[in-house]
Amino acid sequence: MDFSDPNFLREILEHTPTPTAVVEGHDLRCGFANAAFRELGLTAGQDVRGQGIAALFPAVDSGALSVVYRTGQRARVRAGTPDQRTWDLDVTPLRDGADGAVRALLVTAREVAAADASGDQQLREINHRVKNTLQLVSSLLTLQALSTKDPDMRRAFQEACGRIGTVTQAHQRIHAVGRGSSVDFAGYLRDACVEMEASLAAGGADRRIVVTTDDAVLPVDSVIPLALIVNELVGNAIKYAYLPGAPGDVEVSLTALPEGGRRLTVADHGRGLPPGFDIARADTLGMKVARAFAGQLKSKLRAESNAPGTRFVLDLPA
């Protein structure tokens, strides 16, 4: 018996009881699906080859599968089928032997027990309540800002609303991965900066936020602290780097370090820091927030000259 025969190996896969499929291309379409996997389709037993994975699992987070394609890191994604059953999809990158590039994804499915699925539903409900609570707090602070006549107090309330908005946005990204232990932070960073730039444009400010990032899948616990640091540093650059009315970009980058870990950089080409500025002694609330969360991430924030302008750097450990 020749176990190297591709047709024989295909026959083995066809009859294995574990639902198994090979997903190809960035549009995530099934190139192969065995009999057990085909039973999960919209019509039991239909040939699902060529269909997008989301057609079989409407609740699947296609973005999570795309991250596996980009990063080559295995992942587990929880999803639901149209018949209201819940499945864990184990997603494994399949690499080309020649150059090591990811060519396809091996997807195997395991049904989740009803009790576990019920627990997930409860978790979704809790996350939804947390989101609603954060939005309620933000609304109350907005009302307070509108009712005060003191411009400094109004600005303080508005900044607090911005921080709560950052937490809410990061929480939504965490909630999207369910019980997962990591988040596509690169995607979050791009989306967050697009929203900040849109908010600036609506307010009449001529600022662009330019984002450069590698694929970055980070632990869930680091997402909110890092999101708040980005919010503070970008906010400071927007407010203080350039003369009022003058155009100017803010550059945000998140890149891998050769020795492991990642480097977050927020830079501008503006007026530079005031003489004698010491980041460890800066007493504004924004810098205190950034320093505190940098410490939580076991890192240290530093400021450098960008000639012209300023660059803030945070090196995250591996």
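As shown above, the structure is provided for reference.
Residues numbered from 1 in each chain as written. Predicted model: local features only at pLDDT ≥ 70, side-chain atom pairs only at ≥ 80, totals over all residues. Heavy atoms only, no water.

Things to note about the overall build of the chain
For step 1, the next point in the chain: On a plain count of helices and strands, the chain comes out with 9 helices and 12 strands.
For step 2, the next point in the chain: Among the 318 residues that make up the chain, the fraction classed as buried is 40%.
For step 3, the next point in the chain: A separation threshold of at least 6 residues defines the contact pool for the chain, and within that pool the share at least 24 residues apart is 52%.
For step 4, the next point in the chain: On the chain, roughly 17100 Å² of surface is accessible, and the fraction owed to carbon and sulfur atoms is 55%. (Helix = DSSP H or I, 4+ residues; strand = E, 2+ residues; numbered from the N terminus. Buried < 20%, exposed > 50% of the residue type's maximum accessible area, 1.4 Å probe, protein only. Contact = heavy atoms within 4.5 Å. Areas by Shrake-Rupley, 256 points an atom, 1.4 Å probe, with all protein chains shown as cover.)

Topic: the packing of aromatic side chains
For step 1, the next point in the chain: In total, this model carries 1 aromatic pair according to the counting rule given.
For step 2, the next point in the chain: Where Phe-185 meets Tyr-188, the ring centres are 5.2 Å apart and the plane angle is 45°; that geometry is what we call tilted. Of this pair, Phe-185 and Tyr-188 both sit in helix H7 (residues 185-202), separated by 3 residues, roughly a single helical turn. Grouping residues by exposure puts Phe-185 and Tyr-188 together as buried. (Phe/Tyr/Trp six-rings, centres within 6.5 Å; stacked < 30°, edge-to-face > 60°.)

Details of the nonpolar core
For step 1, the next point in the chain: Formed by 38 residues in total, the largest nonpolar core has its most connected members in Val-234, Val-252, Leu-301 and Leu-314.
For step 2, the next point in the chain: At the level of secondary structure, the elements contributing two or more residues to this core comprise H7, helix H8 (220-240), strand S9 (248-256), strand S10 (262-268), helix H9 (285-296) and strand S12 (310-316).
For step 3, the next point in the chain: Top element by residues in this core is H8. It accounts for 10 residues.
For step 4, the next point in the chain: Filtering out sequence-adjacent residues up to four positions away, Val-252 remains in contact with Leu-189, Cys-193, Ile-209, Val-210, Val-211, Thr-212, Val-234, Leu-264, Thr-265 and Val-266.
For step 5, the next point in the chain: Listed in part, the 24 residues of the second largest apolar core include Cys-30, Ala-79, Val-107 and Ala-109. (Core = buried A, V, L, I, M, F, W, Y, C linked by side-chain atoms within 4.5 Å.)

Brief notes about H9
For step 1, the next point in the chain: Under the 1.5 Å per step criterion, the end-to-end length of H9 is 16 Å for 12 residues, consistent within 8% with the ideal 16 Å.
For step 2, the next point in the chain: Among all positions of H9, only Gly-286, Met-287, Val-289, Ala-290 and Ala-294 are buried. Buried residues of H9 fall within an arc of 155° about the axis and therefore sit on the same side.
For step 3, the next point in the chain: Backbone geometry just downstream of H9 places Lys-298 in the positive-phi region, at approximately 60°. (Expected span 1.5 Å × (residues − 1). Arc of directions from axis to C-beta.)

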